[in-house]
Amino acid sequence: GAGVSQSPSNKVTEKGKDVELRCDPISGHTALYWYRQSLGQGLEFLIYFQGNSAPDKSGLPSDRFSAERTGGSVSTLTIQRTQQEDSAVYLCASTPDRATAGEKLFFGSGTQLSVL
Amino acid sequence: QKEVEQDPGPLSVPEGAIVSLNCTYSNSAFQYFMWYRQYSRKGPELLMYTYSSGNKEDGRFTAQVDKSSKYISLFIRDSQPSDSATYLCAMRGGGADGLTFGKGTHLIIQP
């Protein structure tokens, strides 16, 4: 596709369940980011993948959060034992490479996660 | 004190007015400054990018960075109803891989 694709667009789950959110970046983009956007809050950095390097996980809020990127393309963000405070929009973004990471992120439309 | 402060608004102005949006920050290591525009239920999209201090103009949009005051601005001239959106400032520097975003200002342009 032409842009960053995220699925599902909406996810409603019960407290304590695990969820998986998917991101399909723009073809050829080596850098991939996950951000979280909570109501009334700015975008919170979660994790960053660059090529085959070890990911920067410094933004993950707890060990219930993990992410992987297979084959340098598709990424999955997993939240285990979801809590109500995990409710937010989870945004994925990609860029061609790290050199341009400070210039332009291409964002998907996000996954709206609601934990009941 | 948060690293980046931005008034969430809403800011409501009549069509044709000049709009001024601002952010302040505390981290002197920030070198890259961006403004993103986000429409409802969409991801943010880059609007303006500035490296270090100075001004940058693109059509009706002007971005200003004053590193000595740790203050950045976005000006929109001849504002249009289609400019109604949330505007997020973002910054990067000091070797960090991720951007630090403000909370965003919700802008409403009244026809």
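Now for a look at the structure at hand. (Residues numbered from 1 in each chain as written. Chains lettered and ligands numbered in written order. Predicted model: local features only at pLDDT ≥ 70, side-chain atom pairs only at ≥ 80, totals over all residues. Heavy atoms only, no water.)

Quick notes on the nonpolar core
Okay, step 1: The biggest cluster of nonpolar side chains holds 23 residues, and the ones touching the most others in it are B:Trp35, B:Ile72, B:Leu74, B:Tyr87 and B:Met91.
Okay, step 2: Sorting the residues of this core by element identifies β3 (19-25), β4 (30-38), β5 (45-51), β7 (61-66), β8 (71-76), β9 (85-93) and β11 (105-110) of chain B as the ones contributing at least two each. (Core = buried A, V, L, I, M, F, W, Y, C linked by side-chain atoms within 4.5 Å. Buried < 20%, exposed > 50% of the residue type's maximum accessible area, 1.4 Å probe, protein only. Helix = DSSP H or I, 4+ residues; strand = E, 2+ residues; numbered from the N terminus.)

Quick word on the sheet that holds strand β1 (residues 5-7) of chain A
Residues and elements named next belong to chain A.
Okay, step 1: Taken together, the four strands give an open sheet; going across it, the order is β1-β3-β7-β6, and neighbouring strands pair in antiparallel fashion. Two strands in the sheet have a free side with no partner beyond their single neighbour: β1 and β6 (65-69). Sheet twist, expressed as the mean angle between neighbouring strand axes with direction ignored, is 15°.
Okay, step 2: Alignment of β1 against strand β3 (residues 19-24), held across three bridges, turns out to be antiparallel. Residue pairing across strands places Ser-5 opposite Asp-24, the latter belonging to β3. (Pairing = 2+ DSSP bridges. Axes fitted to C-alpha atoms, helices over the stretch in contact; angles between N-to-C directions.)

Re the environment of A:Ser27
Okay, step 1: On the secondary structure map, A:Ser27 appears in the loop between β3 and β4 (31-37).
Okay, step 2: When the C-alpha positions of A:Ser27 and A:Ser73 are compared, they lie 7.7 Å apart, and in sequence the two are 46 residues distant.

Points about the sheet that holds β8(B)
All names here are of chain B.
Okay, step 1: Spatial ordering of the open sheet is given by β1-β3-β8-β7-β6, a layout of five strands whose pairing is antiparallel. Bordering the open sheet on either side are β1 (4-5) and β6 (54-58), each of which pairs with just one other strand.
Okay, step 2: Where β6 and β7 come together, five bridges link them in antiparallel fashion. Pairing of Gly-54 across the sheet is with Val-65, part of β7.

What about the state of the cysteines?
Okay, step 1: Per the counting criterion, the structure on display carries two disulfides over all chains.
Okay, step 2: Between the sulfur atoms of A:Cys23 and its disulfide partner A:Cys92 the distance amounts to 1.9 Å. One quick way to see it: the torsion about the S-S bond of A:Cys23 and A:Cys92 is about -65°, and its sign makes the bridge left-handed. Note that A:Cys23 is positioned in strand β3 and A:Cys92 in strand β8 (residues 88-95), a separation of 69 residues in sequence. Note on accessibility: A:Cys23 and A:Cys92 belong to one class, buried.
Okay, step 3: For B:Cys23, the disulfide goes to B:Cys89, at an S-S distance of 2.0 Å. Judged by the sign of its S-S torsion, about -100°, the bond between B:Cys23 and B:Cys89 is left-handed. Of this pair, B:Cys23 sits in strand β3 while B:Cys89 sits in strand β9; the two residues are 66 residues apart in sequence, bridging distant segments of the chain. For the pair B:Cys23 and B:Cys89, one class covers both residues: buried. (Disulfide = S-S within 2.5 Å.)

Considering the side chain of B:Arg37
Residue and element names in this part refer to chain B.
Okay, step 1: With respect to the secondary-structure elements, Arg-37 resides in strand β4.
Okay, step 2: What makes Arg-37 buried here is its relative accessible area of 15%.
Okay, step 3: In this structure the side chain of Arg-37 is engaged in a polar contact, spanning 3.4 Å, whose partner is the side chain of Tyr-39.
Okay, step 4: Residues within four places of Arg-37 in sequence aside, it is in contact with Gly-43, Pro-44, Glu-45, Leu-47, Phe-61, Asp-83, Ala-85, Thr-86 and Tyr-87. (Polar contact = N/O pair within 3.5 Å; in protein donor to acceptor, adjacent residues only side chain to side chain. Contact = heavy atoms within 4.5 Å.)

Some thoughts on the environment of B:Pro8
Residues and elements named next belong to chain B.
Okay, step 1: Within the secondary structure layout, Pro-8 lies in the loop between β1 and β2 (11-14).
Okay, step 2: The sequence separation of Pro-8 and Gly-104 amounts to 96 residues, and the corresponding C-alpha distance is 5.5 Å.
Okay, step 3: If we ignore the near neighbours within four places in the chain, the residues touching Pro-8 are Gly-104, Thr-105 and His-106.

Focus: the interface of chain B and chain A
Okay, step 1: If you look at the interface, chain B gives 19 residues, while chain A gives 20 residues.
Okay, step 2: Summed over both partners, the interface of chain B with chain A comes to about 1600 Å²; 50% of that surface belongs to carbon and sulfur atoms.
Okay, step 3: The tally of links from chain B across to chain A stands at zero salt bridges.
Okay, step 4: Across the contact surface, chain B and chain A share three residue pairs in polar contact (both at pLDDT 80 or more).
Okay, step 5: Breaking the side of chain B that touches chain A down by element, the ones donating at least two residues are β4, β5 and β9 of chain B.
Okay, step 6: Of the residues in the side of chain B that touches chain A, the class split is nine nonpolar, five polar and five charged. (Buried area = accessible area lost by both parts, 1.4 Å probe. Salt bridge = Lys/Arg side-chain N within 4 Å of Asp/Glu carboxyl O. Nonpolar A, V, L, I, M, F, W, Y, C, P; charged D, E, K, R; others polar.)

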